[in-house]
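Residue strings, one per chain:
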Amino acid sequence: MAETKREIERKYESDDSGLPDLTGVAGVASVLDQGVAELDATYYDTSDLRLAAAAITLRRRTGGSDAGWHLKLPVAAGVRDEIRAPLSDTVPEELAGLVRARVREGQLVPVVRLRSDRDVRHLLDAKGRLLAEASVDAVRADRLFGGEGSAQWTEIEVELADGGDPALLDKLEKRLRKAGVRPSQSASKLARALAETAPRKKRARAKAAAEGDDGATAAAKGKGDAKGKGGAKGTSAVEANRTGRRAPDQEPVTAGDHVLAYARAQRDAILALDPAVRQDTEDAVHDLRVATRRLRSTFRSFRKVLDRAVTDPIGVELKWLAGELGVGRDQEVLAERLTDGLADLPHTLVSGPVGERLRTWAEAQHHGSRRRLLGVLDSARYLTLLDTLDAFVADPPLRTAAEGKPAKVLARAVRKDLQKVSDLVEQALAAPPGHDRDEGLHEARKKAKRTRYAAETATPAIGGPAKALAKSMKSLQSLLGEHQDSVMARQTLRELSAVAHAAGESAFTYGLLYGREERRAELVEKELPAVWERIRGATEV
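Asks: What should I look at first to understand the environment of valine 499 in this one?
Replies: Its place among the elements puts valine 499 in helix 16 (residues 464-502). Taking the C-alpha atoms as reference points, valine 499 and isoleucine 270, separated by 229 residues in sequence, lie 39 Å from one another.

This is how it looks when you write it as structure tokens:
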């Protein structure tokens, strides 16, 4: 069974002078020698290094106190989640599943072997509690696949103890810098090993780039690296000039640049959130669903920029994925709403085993949707969608308007979306209370989200007005979401009431909860006209 540990650490270059004295730094009362551990780790990746490109590491390590399989997923600079599994001869299926969105149809193969002599020190406070672990690692790296040769170096690593204060690392770094120690230029041992044992031609290109070559010479001499599945590598500056597309790290200039930057961010979010969804991390399903919806909305809002012949089929698949993600997420939100509503009732108004029936319903829905979702993430359809998104990012189907001025092109698209929201809100309010109004407000909510995402895309180009509109649409979306949640809650209460009645139980409490939900919807409908007038009066893009 795998376990997860949050790892917060920093790495430093070492000139073999060893670890400076850290006693007295930020409460470090003593430094305890833990001896030298011999570590032997084999790192696995695809032949085109898809995991390394995403700053993900997967290794099998022996030696030390934590021998086994380790998968490290980036969280922030210097922060990674390490998922551990027991030692075995092959990659554990649980860890393989967490990188499936990157690996897809590829194979995991040994790429680098790292052997380290780790001289460990424990930094303790006055009560003998562990604050951090500092080590001096003498490393030898041997390339096993896709490169050549070996490399050796020495580095210092400082890792915060579980539950420690990250500010301690800043204070320790100040002492290390004073002693002449400098932060490592590589994010990890594996990154350095891959760089120093890369094929000679690739090392030459990297050296030229470091010395100021803008890539033009390399591009003129030969083709650049091909995009590997699991994450596009982007476009060189020369290629950008030839095709009209700028590289991901270049400032957006045209309308197409801004749209592609937003779309690329959503593609990246989908890939990054996949492991969290598989681990059932809180809000991961919601966040992945939002990224999926944002990308689909981008395709729909900016059809003057992106060719529909390419994006419409992708949009169909994104809608399918969002729907699958919504099965569990919508149920979670609904279960929480009904449970909270029941908890607000005086116990004298709770007739029958309503709480127990709600819990049974929620648990059954959760387990069923969870199994279904994991099946979706392992499906050929989902993995094919990821390939398609990579292809879109690598070769976006730009139309003529993509080269237009962003303030003009993007603003026009945003205003068009906003007009659709306006029409739907007014139509819904004109309809009599009931099914037609409920459906109309639900459609208005979906269009409000789309307008919000379009405004987010336009904000870097347009500034304040687009940012204000995005905020207004989020507020409207929340209000209309409250109404839709009430509609779904009443539908579920009717179903639960029927089941309870058939079992000979009282349906009184379900009816009471239904009435309260009905009242909540009425309040939204009463508030909406004034809210909409304020939004419309303050909106200018």
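Asks: I'm lost on the side chain of serine 188 in this one. Help?
Replies: Relative to the helices and strands, serine 188 resides in the loop between helix 4 (167-178) and helix 5 (189-196). Of the polar contacts made by the side chain of serine 188, one reaches the backbone nitrogen of alanine 191; its length is 3.1 Å. Setting aside chain neighbours within four positions, we find serine 188 in contact with Lys11 and Arg80.

Asks: Explain the pairing of strand 7 (residues 130-143) to me, please; I cannot follow it from the model alone.
Replies: Of all the 14 residues making up strand 7, ten are buried; the element is thus mostly covered by neighbouring parts of the structure. Pairing of strand 6 (residues 109-124) with strand 7, which is carried by 13 bridges, proceeds in the antiparallel orientation. Residue pairing across strands places arginine 118 opposite aspartate 137, the latter belonging to strand 7. With antiparallel pairing between neighbouring strands as the criterion, strand 6 and strand 7 make up a hairpin whose turn holds five residues, including glycine 128 at a positive phi of roughly 80°. Bridge analysis of strand 7 against strand 8 (residues 150-160) gives eleven bridges, and the strand direction is antiparallel. In the sheet register, glutamate 133 faces strand 8, and the bridge partner there is glutamate 159. Between the antiparallel neighbours strand 7 and strand 8 lie six residues, among them glycine 146 with a positive phi of about 80°.

Asks: Help me understand unusual backbone geometry, please; the structure alone is not making it clear to me.
Replies: As a rule of thumb, non-glycine residues mostly have phi less than zero, and peptide bonds are mostly trans rather than cis. The phi angle at alanine 55 is positive, at roughly 60°, despite the residue not being glycine. Within the secondary structure, alanine 55 sits in the loop between helix 1 (50-53) and strand 3 (57-62). What makes alanine 55 partly exposed here is its relative accessible area of 43%. One non-glycine residue, aspartate 280, adopts positive backbone phi at about 65°. Looking at where aspartate 280 falls in the secondary structure, it is placed in the loop between helix 9 (255-278) and helix 10 (284-301).

Asks: Looking at this structure, how should I read the nonpolar core?
Replies: Buried together is how nonpolar side chains tend to be arranged in soluble globular proteins. By size, the foremost hydrophobic cluster in this structure holds 62 residues, and its most contacted members are Ile270, Tyr382, Phe392, Met473, Leu476 and Trp532. Every residue in contact with phenylalanine 392, bar those within four places of it in the chain, is listed here: Leu260, Ala263, Phe299, Leu306, Thr311, Ile314 and Pro397. Of all hydrophobic cores here, the second largest spans 17 residues; its members include Tyr12, Val28, Leu131 and Val136.

Asks: Where do I start with empty space enclosed by the protein in this structure?
Replies: Empty space among the atoms becomes apparent when a probe as large as a water molecule is rolled across them. For the structure shown, the criterion picks out two cavities of 30 Å³ or more. For the largest cavity, the calculated volume is near 80 Å³.

Asks: Help me understand the layout of surface pockets in this model?
Replies: The computed volume of the second largest pocket comes to approximately 1400 Å³. If you go around the second largest pocket, you meet 42 residues; those closest to its centre are Arg289, Arg293, Asp330, Arg445 and Lys449. With eleven residues, helix 10 is the single largest residue contributor to the lining of the second largest pocket. Residue composition of the lining of the second largest pocket, grouped by class: eleven nonpolar, 13 polar and 18 charged.

Asks: So what exactly am I meant to see when it comes to the packing of helix 9 against helix 10 here?
Replies: To describe two helices that pack against each other, one gives the angle between their axes and the distance between the axes. Put simply, helix 9 and helix 10 touch, their axes get as near as 9 Å, and they point 155° apart. Classified by the angle their axes make, helix 9 and helix 10 are roughly antiparallel. Along this stretch, helix 9 crosses helix 10, giving a crossing that reads as left-handed. Contact with helix 9, carried on its side by Val259, Tyr262, Ala263, Gln266, Ala269, Ile270, Leu273, Ala276 and Val277, involves Ala284, Val285, Asp287, Leu288, Ala291, Thr292, Arg294, Leu295 and Thr298 of helix 10 and no other residues of that element.

Asks: Hey, could you run me through the confidence of the model for the chain in this one?
Replies: As a general rule, the predicted coordinates of low-pLDDT regions are not to be interpreted in detail. Averaged over all residues, the pLDDT of the chain is 89; the fraction at 70 or higher stands at 91%. Under a pLDDT of 50 for its full length, residues 213-228 has, in the predicted model, 16 contacts with residues more than four places off or in other chains. Here residues 231-244 is a poorly scored stretch, pLDDT under 50, and it has 25 contacts once near neighbours within four places are set aside; other chains count.

Rules used throughout
- Starting afresh in each chain, residues are numbered from 1 along the sequence in its written order.
- Local features in a predicted model are, by the rule used here, given only for residues with pLDDT of at least 70; side-chain atom pairs are given and counted only at 80 or more, and totals for whole chains, interfaces and linings are based on all residues.
- Excluding hydrogens and water, the side-chain figures rest on all heavy atoms present in the structure.
- Where helices and strands are cited, they refer to DSSP runs of H or I of at least four residues and of E of at least two residues respectively, numbered from the N terminus.
- Two N or O atoms form a polar contact when they lie within 3.5 Å of each other; inside protein one atom must be a possible hydrogen donor and the other a possible acceptor, and for residues adjacent in sequence the pair counts only when both atoms belong to side chains.
- Here, two residues are considered to be in contact whenever any of their heavy atoms come within 4.5 Å of each other.
- Only protein chains enter the calculation, and the probe is 1.4 Å; a residue is then buried if its accessible area is under 20% of its type maximum, exposed if over 50%, and partly exposed in between.
- When DSSP finds two or more bridges between two strands, those strands count as paired.
- What makes a nonpolar core is a set of buried Ala, Val, Leu, Ile, Met, Phe, Trp, Tyr and Cys residues whose side-chain atoms join them at distances within 4.5 Å.
- Using only the protein atoms, space was sampled on a 1 Å grid; points where a 1.4 Å probe fits but cannot get out form cavities, open sets with protein on both sides within 12 Å along at least five of seven lines form pockets, and lining residues are those with an atom within 4 Å of a point.
- Grid points are joined across faces, edges and corners, and a volume is the space filled by probe spheres set on the points.
- Classification convention: Asp, Glu, Lys, Arg as charged; Ala, Val, Leu, Ile, Met, Phe, Trp, Tyr, Cys, Pro as nonpolar; all other residues, Gly among them, as polar.
- Each axis is a line fitted through C-alpha atoms, and for a helix only the stretch in contact is used; angles between axes span 0 to 180 degrees, taken between their N-to-C directions.
- Orientation categories follow fixed angle ranges, with anything under 35 degrees roughly parallel, anything over 145 roughly antiparallel, 65 to 115 roughly perpendicular, and all other angles oblique.
- By convention, the crossing between two helices is left-handed when the near helix turns anticlockwise from the far helix through less than a right angle, and right-handed when the turn is clockwise.
- Note on scores: pLDDT gives the predictor's confidence for each residue, bounded by 0 and 100.

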